[in-house]
Amino acid sequence: MSNRSGGGTKKEASKMKIKPFPPTMDPKTEEASWMLLKNAIREIQKKNNSGLSFEELYRNAYTLVLHKQGKRLYTGVSEVVKEHLQNEVRADVIDAMHNNFLETLCEAWADHQTAMVMIRDILMYMDRVYVPQHEQHPVYDMGLVLFKEEVIHCEVIRDYLVATLLEMIAKERHGEVVNRVAIRNVCHMLIVLGIGNREVYEDDFEILFLRESSEFYKAESQKFLADNSASVYIRKVEARITEEAERATRYLDASTEERITKVVEDELIKAHMHTIVEMENSGVVQMLKTNKKGDLHCMYKLFTRVPDGGLKTIIDCLSSFLRDTGKALVTEEEEDAGGKNAILFVQRLLDLKDQYNAYLEESFEKDALFKQAISSDFEYFINLNEKSPEYLSLFVDDLLKRGLKEHSEQEVELILDKGLVLFRFLQDKDVFERYYKQHLAKRLLLNKTVSDDLEKGMISRLKNECGCQFTSKLEGMFKDMTLSNTTMDKFKDHLQNQGHRVEVDLNVRVLTMGYWPTQANQSLCQLPRAASLAWEVFQRFYLGCHSGRQLTLQTHLGSADLNATFHPVEKGEATSTTPCVKKHIIQVSTHQMCILDLFNAKISVTFQVSLEYIVPCIK
């Protein structure tokens, strides 16, 4: 029993015991650890870090923090870094002010960043434990703050730095070559020193840069305006905006681009908008007169940068000029030469509209504001001339009578589309309808239209524009023509079946009074005997097919093709080279036919006799 008991005691005596960690650190050990770290930091700042044991340094820093010496370590490191910046870095930068200043500053900044990265790695445990607990800057950020306070915000360095940067930028604006890399590095340094914000960059550089730029461009704008035309001025402004945007992108902070661009816009564009637009012999009016679409487009792009009235300045000038041009066009007096003035009138309007459509598309990027202004201007001056609806109808009438002789069908369609645009500007569309109905009636009755498809296409356009009611009578006129063709086919079959024979080739159009712009004549002219008999035959046929209807002959709308034979007045007129008899086919109106028929019986007819045949109709 005693042996077993003794064995148990021996086993218990061999167990490992963990001693508690000492709450405090020996002052000598503490001082030794700190001196080791302090000397190591100085060696790192001198770039003599190759012989250092970073594992040992980390362990010593870890031990200090673990023994509640984090404050001493943090404060000590801050003092060592600060001392180095004050005694070494600041002095070197000041000495280099007149010789490689930016290069020296950038090199000191790069060395400081490298040293702080190494110091941060050694003090990583302090960063993780002490810094968050006591709301201090991390070690690396502490180095940034100290560099800003001791170097950059040293008054002499700060003033010289911003002066140097502004001087280099001014030289580049005047065409000199500068060290863009150095400027970019300095700007990046100022951004980094802000530790997550732009405060340092803004206060130490950007605000002064924008202020100086404003003064520079204010003076330059005056010089540009005095020495250049509007076209040259806007090109130079465009170049300046491009230069400043590129400068901000390449070596300033990217966020500066918007700010410096606004400065250029304010000083070179916004402050002189009216001067540029109204510049004599080179402003917007001159550009419109000389068809300078490229310059207008450049001006448009520049003025879009001014949201408060930029485009309105151009629009007001353009609108004033367009209204004056259009007013002169529509009020110009010309003697009527067979309706040619109406054709010329509308063609000039179409040419003017084409010109401004080209401006709208090529110069103003189809901007809705410009489109609305141009439309409003055309509506204004087209309606100054009360004959505009009639002239437009005459233009369409001429086009649909002989358009295919001069244009392809596609070209005629395009011209009709353009004419419809002018129609939209008319305020008296009912007046246009009245004239169009008259002209359409003559085309249909005299068989002058070149294409039924083009006619129906124009009516379809008007229908889409104004509705069914506007074109119902026009469509009714076409319906009457179709029914008349059918009726004449039946009439010819009737003549053949009944054995009737008429001496003239009669072609009757039966018109519905409500559709056509005609009024019944109660008195008729005296038709030649053959024509009168043919009409009576048709009248009996038609009324026999349609009981209860009434036919009224509209002789003033008729036409006739006459076979005319001309004999020489005296026998001596006939020669071997000249035939004795001349034959012609003459196309005349019904009234002219009646008068010419009188000469079949007499060589001469008095004016009074001719009146007896047609005057009842024309009274």
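Residues numbered from 1 in each chain as written. Predicted model: local features only at pLDDT ≥ 70, side-chain atom pairs only at ≥ 80, totals over all residues. Heavy atoms only, no water.

### Remarks on the nonpolar core
Side chains of nonpolar character tend, in soluble globular proteins, to be buried together. Core analysis: the biggest nonpolar cluster contains 81 residues, and Met299, Phe303, Tyr356, Tyr436 and Leu462 have the highest contact counts within it. Setting aside its immediate chain neighbours within four residues, Met299 contacts Ile234, Ile276, Val277, Val284, Met287 and Ile314. Formed by 67 residues, the second largest nonpolar core is a distinct cluster that contains Ile119, Ile169, Ile183 and Cys187. (Core = buried A, V, L, I, M, F, W, Y, C linked by side-chain atoms within 4.5 Å. Buried < 20%, exposed > 50% of the residue type's maximum accessible area, 1.4 Å probe, protein only. Contact = heavy atoms within 4.5 Å.)

### Quick word on unusual backbone geometry
Positioned with a positive phi, Lys47 is a non-glycine residue whose angle comes to about 65 degrees. The phi dihedral of Glu365 is positive, around 50 degrees, even though this residue is not glycine. Here Glu365 shows up in the loop between helix H17 (340-363) and helix H18 (368-382). (Helix = DSSP H or I, 4+ residues; strand = E, 2+ residues; numbered from the N terminus.)

### Brief notes about the packing of aromatic side chains
On inspection of all chains with the given rule, the structure shows 23 aromatic pairs. Ring centres 6.3 Å apart and planes at 85 degrees place the aromatic pair Phe224 and Tyr233 in the edge-to-face group. For the pair Tyr356 and Tyr359, a centre-to-centre distance of 5.3 Å together with 80 degrees between the ring planes defines the contact as edge-to-face. You can see Tyr356 and its partner Tyr359 sitting in helix H17, three residues apart, about one turn around the helix. Comparing Tyr356 with Tyr359, the two get one shared label, buried. Ring pairs connect the aromatic residues Phe491, Trp535, Phe538, Phe541 and Tyr542, which therefore count as one cluster. A cation over an aromatic ring shows up here: Lys429 above the ring of Phe423, its NZ or CZ 5.5 Å from the ring centre. In this structure, Arg443 is placed above the aromatic ring of Tyr436, and the distance from its NZ or CZ to the ring centre is 5.4 Å. (Phe/Tyr/Trp six-rings, centres within 6.5 Å; stacked < 30°, edge-to-face > 60°. Lys NZ or Arg CZ within 6 Å of the ring centre and 35° of its normal.)

### A look at empty space enclosed by the protein
As enumerated under the stated definition, the model contains one cavity of 30 Å³ or more in all. Looking at the largest cavity, its volume works out to about 40 Å³. Lining the largest cavity, in full, are Phe345, Val346, Leu349, Ile382, Ser388, Leu392, Leu422 and Leu426. Where the lining of the largest cavity is concerned, the elements lending two or more residues are H17 and helix H19 (388-406). When residues of the lining of the largest cavity are assigned to their parent elements, the largest contribution, three residues, is made by H17. Looking at side-chain class alone, the lining of the largest cavity contains seven nonpolar, one polar and no charged residues. (1 Å grid on protein atoms, 1.4 Å probe; cavity = no way out; pocket = protein on both sides within 12 Å on 5 of 7 lines; lining within 4 Å. Points joined across faces, edges and corners; volume = space filled by probe spheres on them. Nonpolar A, V, L, I, M, F, W, Y, C, P; charged D, E, K, R; others polar.)

### Side note on the side chain of His272
Here His272 is to be found in the loop between helix H12 (256-269) and helix H13 (273-277). Excluding its chain neighbours within four sequence positions, the residues that come into contact with His272 are Ser221, Gln222, Leu225, Tyr233 and Glu267.

### Details of the confidence of the model for the chain
Per-residue confidence for the chain gives a mean pLDDT of 85; residues scoring 70 or more make up 89%. Of all secondary-structure elements in the chain, the lowest mean pLDDT belongs to helix H1 (residues 2-13), at 46, while H18 reaches the highest, 95. Counting contacts from residues 334-338, a segment whose pLDDT is below 50, to residues more than four positions away or on other chains yields five contacts. (pLDDT = per-residue confidence, 0-100.)

### Some thoughts on helix H24 (residues 529-545)
An ideal rise of 1.5 Å per residue puts 24 Å on 17 residues; H24 measures up with 25 Å between its terminal C-alpha atoms. Inspection of H24 places Ala531, Ala534, Trp535, Val537, Phe538, Phe541 and Tyr542 among the buried residues, and these make up the whole buried set. Mapping the buried residues of H24 onto a view down its axis gives an arc of 160 degrees, with all of them on the same face. In this structure, H24 carries Arg529, Arg540 and Gly544 as exposed residues pointing more than 90 degrees from its buried face. Where H24 is buried, its residues touch helix H23 (468-498) and helix H25 (590-597). (Expected span 1.5 Å × (residues − 1). Arc of directions from axis to C-beta.)

### Description of H23
Between its terminal C-alpha atoms H23 stretches 43 Å, which fits the 45 Å expected from 31 residues at 1.5 Å a residue. At Leu474, H23 is deflected by roughly 25 degrees, the largest bend along its length. Looking at the residues trailing H23, positive phi occurs at Gly499, about 75 degrees. (Bend = angle between axes of the 7 residues up to and from the residue.)

### Observations regarding the side chain of Lys148
Its place among the elements puts Lys148 in helix H7 (residues 139-152). This buried residue, Lys148, is left without a salt bridge; Glu149 holds the nearest opposite charge, at 5.3 Å. In contact with Lys148, not counting residues within four places along its chain, are His153, Leu193 and Val200. (Lys, Arg positive; Asp, Glu negative; His and termini not counted. Salt bridge = Lys/Arg side-chain N within 4 Å of Asp/Glu carboxyl O.)

### What about the packing of helix H3 (residues 54-66) against helix H6 (residues 124-134)?
Relative to each other, H3 and H6 sit at 20 degrees, their axes nearing to 8 Å. The angle between H3 and H6 falls in the class roughly parallel. In this structure, H3 crosses over H6, and the sense of that crossing is right-handed. Where H3 abuts H6, its residues Tyr58, Tyr62, Val65 and Leu66 lie against Met124, Tyr125, Met126, Arg128 and Val129. (Axes fitted to C-alpha atoms, helices over the stretch in contact; angles between N-to-C directions. Parallel < 35°, antiparallel > 145°, perpendicular 65-115°, else oblique. Left-handed = near helix turned anticlockwise from the far one by under 90°.)

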